[in-house]
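So the chains spell out like this:
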Amino acid sequence: AAGVIQSPRHLIKEKRETATLKCYPIPRHDTVYWYQQGPGQDPQFLISFYEKMQSDKGSIPDRFSAQQFSDYHSELNMSSLELGDSALYFCASSLAGEQYNEQFFGPGTRLTVL
Amino acid sequence: EDQVTQSPEALRLQEGESSSLNCSYTVSGLRGLFWYRQDPGKGPEFLFTLYSAGEEKEKERLKATLTKKESFLHITAPKPEDSATYLCAVLGSGGSNYKLTFGKGTLLTVNP
């Protein structure tokens, strides 16, 4: 079965640079979520989109922005990168209207800021 | 605010030694409790959804149960390939309709 696709899988950036992470949801899924997971930490919710509109916002820094496009893929844009932004970034997708709103996660993008 | 506490933080078992992981939660209106398995450096893999107290679900050597305050993930006769971090998450009806709140996970190691 098709899964969530994330690219790139690994990304190395310098401080103050910009990064763009991409997420392609499971086909037919219309809701996308972004989570950040630091070393040894649980995933922390950043932001979500439903039908191309922002549906919820968590602990996402103002330096980050995201959007969902007409084909339902999503991009997380991160500017003025800081050392503390080094983490695994996961995208998840779900189908709105499903009773339990089960979220399926992608393999993640490992961002390292030097 | 929704809260999830998992215990123990780490658990070492011998192959074949059954045990249980605990997930205690506080949520305003539970819409779903989710169990995920996460291998190092990989995305959480969906295992189960539980919705109402008394509900049980099984998958191979895993069985998840739910009460009004906690969930258990029972592992029967585990194998080394069951070694992973098991994450519990809740989706509440108060506030966000979309945000999963995770516990910090239980790191399970099964020795051959």
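Look a little higher up for the structure.
In this report, we go over the structure that sits alongside the text.

Residues and elements named next belong to chain A. In the structure shown here, the tally under the stated rule is nine salt bridges over all chains. Residue K52 pairs with E51 through a salt bridge whose shortest N-O separation is 3.9 Å. Exposure remark for E51: the relative accessible area of 29% places this residue in the partly exposed category. Between D85 and R63 there is a salt bridge, and its shortest N-O distance comes to 2.9 Å. Of the two residues, D85 is situated in the loop between β8 (74-78) and β9 (87-94) and R63 in the loop between β6 (53-57) and β7 (64-68); the sequence distance between them amounts to 22 residues. Three or more residues are tied together by salt bridges with common partners; here these are R63, E82 and D85.

Residues and elements named next belong to chain B. Taken across its five residues, strand β7 (residues 62-66) has four buried, putting it largely inside the fold. Across four bridges, strand β6 (residues 56-59) lies against β7 in antiparallel orientation. The residue bridging E56 from the neighbouring strand is T65, located in β7. Hairpin connection between β6 and β7: a loop of two residues separates the two successive antiparallel strands, and E60 in this loop has a positive phi of roughly 55°. Here β7 runs beside strand β8 (residues 70-75); their pairing, made up of five bridges, is antiparallel. Along β8, the bridge assignment pairs T65 with F72. Where β7 folds back onto β8 in an antiparallel hairpin, the turn is made up of three residues.

Cut-off values and rules
Residues take numbers from 1 onward in each chain, read along the sequence in its written order. Following the order in which they are written, the chains are lettered starting with A and the ligands numbered starting with 1. Only residues with pLDDT of at least 70 are given local features in this predicted model, and only at 80 or more are side-chain atom pairs given and counted; all residues enter the totals for whole chains, interfaces and linings. Side-chain metrics rest on all non-hydrogen atoms present in the structure, leaving aside hydrogens and water. A pair is scored as a salt bridge if a Lys or Arg side-chain nitrogen falls within 4 Å of a carboxyl oxygen belonging to Asp or Glu. Residue exposure (1.4 Å probe, protein chains only): buried if accessible area is under 20% of the type maximum, exposed if over 50%, otherwise partly exposed. Helical segments are the DSSP runs of H or I of at least four residues, strand segments are the runs of E of at least two, and each set is numbered from the N terminus. The pairing criterion is simple: DSSP has to find at least two bridges between the two strands.

Nothing here speaks to function; it is all geometry.
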